[in-house]
Amino acid sequence: MTQTVQLPLWLFVLIMLFAAVTALSHFLLPSVRWFFRRRLERAVKRLNTRLKRPIEPFKLARRYDMIQRLIYDPEVTREIVNYAREHKVPENVAFEKARVYAREIVPSFSAFAYFSFAIRLTRLLANFVYRIESSETNNEIFNEIPKDATVVFVMNHRSNMDYVLVTYLAARDSALSYAVGEWARVWPLSWLIKSLGAYFIRRRSRGALYRKVLARYVQMATEGGVNQAFYPEGGLSLTGKLQPPKLGLMSYLVEGFDPEGARDVVFVPVAINYDRVLEDVVLIAAHERGDRRFGARISVVVGFILRKLWQRMTFQETRFGTAAVAFGTPLSLRAAGPETEVGELSKELMARISGAMPVLAVPAVCHVLLGRDGIGDATLREQAAALFDAVPQGNRSVDVEGRALEIARGIEGLASRKLIEQRDGNWYIVAGKQPLLNFYANSIAHFFKSDAADAKDFSAPAGS
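Computed from a predicted structure; not experimentally measured.

For the rest of this paragraph, the subject is the pattern of salt bridges. The final tally for this structure, using the stated rule, is 10 salt bridges. Salt-bridge contacts for Arg417 lead to Asp280; the nearest nitrogen and oxygen are separated by 2.8 Å. Taken together, the residues span a long stretch of sequence, with Arg417 in the loop between helix H18 (400-416) and strand E10 (420-423) and Asp280 in helix H12 (residues 280-289) at a distance of 137 residues. We classify Arg417 as partly exposed; its relative accessible area is 22%.

Structure, rendered in structure tokens:
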């Protein structure tokens, strides 16, 4: 027992390394985690005093615990058995399949990352790229929703900047959990998005087991009071128009709702519109091809952000016009009644989004220009102003005093992009650029009897 044992140096180092890891994992790390978790809990408690809708315990649960709870859910367990029977595999194999799906879906929300990093980043980026307009009624609508209800923001999808805008505007009130597509699964974006509380959705998955795991996560989060946001259109609009709603997530919310439960679910329609959509050329090209392959790369996004930062540092103008967000009339799932059909509910929410759509200068100018051979500068401005007067007061993004300036900015923005040109005192659409003007005019075409390509109500003789 007291004999000397000789060991090679490399083996001694390896043994010491394993011993250190074991000591860390069994003694030190649990204490460190407990210390930081206690500090986090105190920080979240202070944060909740400032939020109109405090962060619910469900959102702060450990990711591992949430995954375990999800895969051992009775409904998921039944689907695991069905999967094993259907695919003729052992149940433990099906169980591991469900675990993979759960790990893919369940986020790892970090209050620090969300409120210290993400909110600052979204505020910086949003104000770099746009002048932000929030409807005067947004706060009033949000404040009237019962505090014990789960809020679900239902938004139209014009741009990937939608995430940034709504996160920025909701930051003072709550933390949102987004449903995001497979585009966000690239590293390191996937880590960041999960830390912000977003969960991934496989758009093309049709497997019953995957759908059950996703459905139960959405239902658990809703029961836990997690405020959520999703796009019923399922993807970016390629034409500028509102698209027919997809029923997947909506059906999970409706099917999992208990009318007799403690929490109501209140849907808040959110209408988003832009003077310029960053991806407009890419979206139009995809529409013309008849596919949804956008070919976006993370390097392009990073390059864009760095370019905007440099422009701001050198005191250049960095903004592409106005981006506006307006809330529509909320819809209570409890008030809708237990017989509510998912399809009808989705259509009603899309109608409320359509009714709340902000009217901006660039869509207004595009609407006036389409279908004309030329229009005088003064007439273009007058008819764009008349178009603002023709829509309800709540849909006007600017007041009467600021309207002339916004219209002038809209015309200048279109001209700087070489979408329109002035010849002999008249404005003309540049050859081949009509699809881009249609894209913007389509966002407000539903307010008028004529469509975006036939603006008879605001027409004027060519050359006037």
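All right, on to the packing of helix H4 (residues 74-87) against helix H10 (residues 208-223) then. Relative orientation of the contacting elements H4 and H10 amounts to 175°, with a least axis distance of 9 Å. Judged by the angle between their axes, H4 and H10 are roughly antiparallel. Every residue of H10 that contacts H4 at Glu75, Val76, Glu79, Ile80 and Tyr83 is listed here: Ala208, Leu209, Lys212, Val213 and Arg216.

In this fold, Ser108 is placed in the loop between helix H5 (91-105) and helix H6 (111-129). Ser108 gets classed as partly exposed once you look at its relative accessible area, which sits at 30%. In sequence terms Ser108 and Tyr64 are 44 residues apart; their C-alpha atoms lie 8.9 Å from each other.

Centre-to-centre distance and the angle between the planes together describe a pair of aromatic rings. All told, the structure shown has 10 aromatic pairs when counted by the stated rule. Measuring from centroid to centroid gives 6.5 Å for Phe447 and Phe448, while their planes differ by 70°, and the two rings are edge-to-face. The buried category is assigned to Phe448, whose relative accessible area is 10%. Taken together through their ring pairs, the aromatic side chains of Phe142, Phe153 and Phe327 make up a single cluster. The ring of Tyr428 is capped by Arg423, whose NZ or CZ atom sits 4.1 Å from the centre of that ring.

In this model, the protein carries a mean pLDDT of 81, and residues with pLDDT of at least 70 account for 79%. Per-residue pLDDT, averaged within each element of the protein, yields its smallest value for helix H1 (residues 9-48) (62) and its largest for helix H19 (residues 434-441) (95). Within the model, pLDDT remains below 50 along residues 451-464, and this stretch shows 35 contacts once partners closer than five positions in the same chain are excluded.

Another point: a nonpolar patch on the surface. A cluster of nonpolar side chains, namely Leu9, Phe12, Val13 and Met16, defines an oily patch on the protein surface of about 420 Å² accessible area. Here Met16 is to be found in helix H1.

Another aspect to go through is the packing of H5 against H10. One can describe the packing of H5 onto H10 by two numbers: an axis separation of 10 Å at closest approach and a directional angle of 45°. What the angle tells us is that H5 and H10 run oblique. Every pair of crossing elements has a handedness; the one defined by H5 and H10 is right-handed. Contact residues: H5 offers Ala94, Lys97, Ala98, Tyr101, Ala102, Glu104 and Ile105, while H10 offers Leu209, Tyr210, Val213, Leu214 and Tyr217. Here the contact of H5 with H10 is built from residues that sort into 10 nonpolar, no polar and two charged.

Calculation rules
Numbers given to residues run from 1 along each chain, matching the order in which its sequence is written. Whole-chain, interface and lining totals are the exception, using all residues; otherwise, since this is a predicted model, local features are given only for residues with pLDDT of at least 70 and side-chain atom pairs are given and counted only at 80 or more. Only hydrogens and water are set aside; all other atoms, that is, all heavy atoms of the structure, feed into the side-chain values. Criterion for a salt bridge: a side-chain nitrogen of Lys or Arg within 4 Å of a carboxyl oxygen of Asp or Glu. Numbering of helices and strands starts at the N terminus; helices are DSSP runs of H or I of at least 4 residues and strands are runs of E of at least 2. Categorising residues by exposure relies on relative accessible area from a 1.4 Å probe, with only protein chains included: less than 20% of the type maximum marks a residue as buried, more than 50% marks it as exposed, and the intermediate range marks it as partly exposed. Axis definition: a line fitted to C-alpha atoms, over the contacting stretch in the case of helices. Angles run 0 to 180 degrees between N-to-C directions. When an angle is under 35 degrees it counts as roughly parallel; over 145 it counts as roughly antiparallel; between 65 and 115 it counts as roughly perpendicular; any other value is oblique. Here a residue-residue contact requires only that any non-hydrogen atoms of the pair lie within 4.5 Å. Within 6.5 Å between ring centres, the rings of Phe, Tyr and Trp (the latter by its six-membered ring) count as paired, and their orientation is classed by plane angle as stacked under 30 degrees, edge-to-face over 60, tilted in between. Charges are assigned to positions over rings by a cutoff of 6 Å between ring centre and Lys NZ or Arg CZ, combined with an angular limit of 35 degrees from the ring normal. Predictor confidence is given residue by residue as pLDDT, running from a minimum of 0 to a maximum of 100. Here a patch means residues that are over 30% exposed by relative accessible area and free of salt bridges, tied together within 9 Å if like-charged and within 5 Å if nonpolar (Val, Leu, Ile, Met, Phe, Trp, Tyr). Where accessible areas are quoted, they stem from the Shrake-Rupley method and a 1.4 Å probe; at the residue level, only the protein chains shown are allowed to cover. In this scheme the handedness of a crossing depends on how the near helix is turned from the far one: anticlockwise by less than a right angle means left-handed, clockwise means right-handed. Residues are sorted three ways: Asp, Glu, Lys and Arg are charged, Ala, Val, Leu, Ile, Met, Phe, Trp, Tyr, Cys and Pro are nonpolar, and all the rest, Gly among them, are polar.

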